[in-house]
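Each chain, letter by letter, is given below.
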Amino acid sequence: MTIYEQLAAEGYIETAAGARARVSLGLKPLPPKPQPLAARRPHRVASISAYGKRIEVLALPQPPVTDPAHINFLYGAIADEDFPKLAWRRHYNRALMRRQQHLYYGATAGELQLREELQAYLLRARGLACTADQILIVHGTQQALELCARVLVDPGDHVVMEEPCYLMARRTFESLGANIIATPVDEQGVVTDYLPKSRCTLAYVTPSHQFPLGSVMSISRRQALLAWAHRHSSWIIEDDYDSEFRYGLRPVDPLQSLDTRSCVIYVGTFSKALSPQLRMGYLVLPPALVTTFRHAKQLADRHAPTLDQVVLAELIRSGTYERHLRRLKRENERRRGALVEAITRCFGSRAHVEGTDSGLHVVVWLRDIPRSAEQQTVEKAKAQGVGIWPVSPLYAEGQRYRKQRCAGFVLGYASLKEADIHKAIRLLAAALPEADGERRRLHR
C-alpha cells in the first residue's frame, strides 16, 4: 500500500474509492537515459544580466594548488597552532549549552553583545569612536566590499583605487561596472596629488598598511584625502586589514578617527588575528548609511553565524582576545625577523625588502631578475619545494605607476616556522644562481 500511495503522491497513478488504481491520463513516456555530460549539446542560455556578463570574463585569483610538502609563503594563511583552540572551545561549549526558547534568525546587524564589545575594543585599541549601532557584522572583508559596491556604486561611476592594490577589491568594483582610477602609492601612501579633480563615487585605501607594498599613509596625505572627499562629496573605504601587527611602534590611528564629516566607511576583519575560515568581519558605518547597509545585508544572507558571534564577544569581554593578539604579535615579529635575516644573508644586495614594519607579509624585489621573468622564477622556486607569489597581478593592466623594473614577490610568513623560513630562502637562493646571466639573456 505504501508503494501505491507514493506513486499517487508523485502523480504517476490515479486512485478513487471503489476503483482500481490506473496510470494517470496524459502521462508521457520517460525520456531516454541522459547522455554523459561531455556528449550533451550545450544549452543555449537565453540571457544573463550585465553583471553576469562582467563577472564571467573577470580574471579572479584562484586558490593555489599547493603541495603539503612545500614551504609556502602564502599570504593570508595563518598557522594552525596560532588559533586559540582551547579558549574558543570553552566559550563555544558554554554558548551551546545556554537554554534558548527556540532557534530563529539572528539580528541582521550582528549580535548586540558582539557589537558592544567591538565598540569598546575599537576605542581602546584603535582610537576609533563609534556607537554599537554603527557596527555591522559581515562575512569578512570580501562581503564588506561587496556590500559597499552594491550600495554605493552604479555602472559607470568612478572609483579611486591604490596602485597596486588588493585584487579582489578591484574586481568587486569592476563587477558592478565601475571605472577604476588607479592612483599611485609611495612611501607615504596614496599620492593625493594624483587624485581626480572631478567627482568620484568613492576611494578605496589601506592607509595603516598599504597592500601590498606596506607603506603607512602620512598625516598630511590623510588630511588631503579627507579634504578631497569632502570637496567632491565622495565616500572613503578604509580597509584596516592587519593593523594589529605593527612591530616596534604603536598602531597607527585609523583614518576614521580624523573624519569630522562622516565620509569614512571603516572595514575590519578577524581573518588575520583568528582565522580566514571563520569568515567574520565588520563595518563601522557613517550614521547616514546604517539603515541602507542593514537592508542590503539582510537581502544578502540575513546575518552572520550567531553562535560564532557570541563566542567572539566572550573572547573580547574576557580579555582573552587581546592576550591572544599580544602573543600572536610576538610570534609574527619573530617570523618577520627570521625572513628578513634570511633574505639579507642569502641574497645580499640582490634583494630589496619592502613593508617590514607591520603586517604579515613583505614584498621582496630581486634586482637582477627582470619583471618579465616573475612566473619563470615562481616555477623555479616550486621545483625546489618553495611557494612564492608574484606581485605583478596586483597592478592594473599596463602597470603604469610601477617603479621597479625587476621581479617582485609577496611573501607571507604568518603560517611558517622560523626554521622553515630559513630553509626556504636557502632553497630559493640556490634555485636562482644564474640570475645575472638570465637577465642579460632576457634583455637581448
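That block above? That's the structure.
Below: a short report on this structure. (Residues numbered from 1 in each chain as written. Predicted model: local features only at pLDDT ≥ 70, side-chain atom pairs only at ≥ 80, totals over all residues. Heavy atoms only, no water.)

1. Examining the layout of surface pockets
The cut-off we apply is this: Site definitions follow a grid-based scheme: protein atoms alone, a 1 Å grid, a 1.4 Å probe that fits but cannot get out for cavities, and for pockets an open set with protein on both sides within 12 Å along at least five of seven lines, plus lining residues having an atom within 4 Å of a point. Grid points are joined across faces, edges and corners, and a volume is the space filled by probe spheres set on the points. Labels follow the DSSP assignment, with helices taken as runs of H or I lasting at least four residues and strands as runs of E lasting at least two, numbered in each case from the N terminus.
Taken as a whole, the largest pocket encloses approximately 1500 Å³ of empty space. Along the walls of the largest pocket sit 41 residues, with Pro61, Gln62, Pro64, Leu74 and Tyr75 positioned nearest its centre. Of all elements in the fold, only helix 5 (140–152), helix 6 (167–175), helix 11 (374–383), strand 14 (386–387) and strand 15 (389–390) reach the threshold of two or more residues within the lining of the largest pocket. Per element, the largest residue contribution to the lining of the largest pocket is four residues, and it comes from helix 11.

2. Brief notes about unusual backbone geometry
Cut-off, in case you're wondering: Note on classification: 1.4 Å probe, protein chains only; a residue is buried when its accessible area is under 20% of the maximum for its type, exposed when over 50%, partly exposed between these limits.
Here the amide bond leading from Glu163 into Pro164 is cis, since omega sits at 5°, within 30 degrees of zero. Within the secondary structure, Pro164 sits in the loop between strand 5 (158–163) and helix 6. With an omega dihedral of 10°, the bond running from Phe211 to Pro212 counts as a cis peptide bond. Structurally, the position occupied by Pro212 is in the loop between strand 8 (202–205) and helix 7 (219–232). Of note, Arg279 is a non-glycine position whose phi angle comes to about 55°, a positive value. You can see Arg279 is positioned in the loop between strand 10 (264–269) and strand 11 (281–284). On the accessibility criterion, Arg279 (33% relative accessible area) is partly exposed.

3. Notes on helix 9 (residues 306–318)
Owing to its 3.6 residues per turn, the α-helix brings residues three or four apart onto one side. Keep this limit in mind: Here, expected helix span is obtained from the residue count minus one, scaled by 1.5 Å. Whether two residues are in contact is decided by their heavy atoms, any of which lying within 4.5 Å being enough.
Over its 13 residues, helix 9 extends 19 Å from the first C-alpha to the last, a length consistent with the 18 Å expected when each residue adds 1.5 Å. Of the positions making up helix 9, those classed as buried are Asp308, Gln309, Val310, Val311, Leu312, Ala313, Glu314, Leu315 and Ile316. Those residues of helix 9 that are buried are in contact with helix 3 (85–97), helix 4 (112–126), strand 4 (135–138) and helix 10 (320–347). Looking one or two residues past helix 9, Gly319 carries a phi angle of roughly 90°, positive in sign.

4. A word on a nonpolar patch on the surface
This is how it is decided: Patches were defined on residues exceeding 30% relative accessible area and lacking a salt bridge, with like-charge contacts within 9 Å and nonpolar side-chain contacts (Val, Leu, Ile, Met, Phe, Trp, Tyr) within 5 Å. Note that accessible areas follow from Shrake-Rupley with a 1.4 Å probe, and for residues the cover is restricted to the protein chains shown. Each salt bridge in this description consists of a side-chain nitrogen of Lys or Arg and a carboxyl oxygen of Asp or Glu lying within 4 Å of one another.
A cluster of nonpolar residues, Ile3, Leu7, Tyr12, Val23 and Leu27, forms a patch on the protein surface that exposes about 460 Å² of accessible area. Along the chain, Leu7 turns up in helix 1 (residues 2–9). Relative accessible area serves as the criterion here: at 32%, Leu7 is assigned to the partly exposed category.

5. Brief notes about the sheet that holds strand 10
Defined as follows: Two strands pair under a simple rule: DSSP has to find at least two bridges between them. With axes taken as lines fitted to C-alpha atoms, and helix axes fitted only over the stretch in contact, angles between N-to-C directions fall between 0 and 180 degrees.
If you walk across this open sheet you meet the eight strands as 4-11-10-9-8-5-6-7, and the pairing is mixed. Each end of this open sheet is capped by a strand with a single partner; those strands are strand 4 and strand 7 (189–190). With four bridges connecting them, strand 4 and strand 11 associate as antiparallel partners. When the sheet's bridge partners are listed, Leu136 is paired in strand 11 with Leu283. Helix 8 (residues 290–301) rests against strand 4 and strand 11 of the sheet, and its axis sits at about 20° to strand 4.

6. Some points on the sheet that holds strand 13 (residues 361–370)
Pairing within the open sheet is antiparallel, and its four strands lie in the order 12-13-16-15. Every other strand in the sheet has two partners, leaving strand 12 (351–354) and strand 15 as the edge strands with one partner each. The pairing of strand 15 with strand 16 (residues 406–412) spans two bridges and is antiparallel. Bridge pairing links Trp389 to Val410 in strand 16. In the packing of helix 11 onto the sheet, the strands contacted are strand 13, strand 15 and strand 16, and the crossing angle to strand 16 comes to about 50°.

7. Comments concerning the pairing of strand 12
Here strand 12 pairs with strand 13 via four bridges, running antiparallel. Paired with Glu354 across the strands is Val363, a residue of strand 13. Here strand 12 hands over to strand 13 after six residues, with Gly355 in that stretch at a positive phi of 80°.

8. Topic: the side chain of Gln256
Within the fold, Gln256 resides in the loop between strand 9 (235–239) and strand 10. Residue classification places Gln256 among the buried positions, given a relative accessible area of 11%.

9. Observations regarding the environment of Gln143
Threshold: The definition of a polar contact used here is a pair of N or O atoms within 3.5 Å, where within protein one atom must be able to donate a hydrogen and the other to accept one, and adjacent residues in sequence count solely through side-chain atom pairs.
Position of Gln143 among the secondary structure elements: in helix 5. Separated by 154 residues in sequence, Gln143 and Lys297 have C-alpha atoms that sit 9.0 Å apart. Among all residues touching Gln143, those that are not within four sequence positions of it are Val138, Lys297, Ala300 and Asp301. Polar contacts involving the side chain of Gln143 include one to the side chain of Asp301, which spans 3.1 Å.

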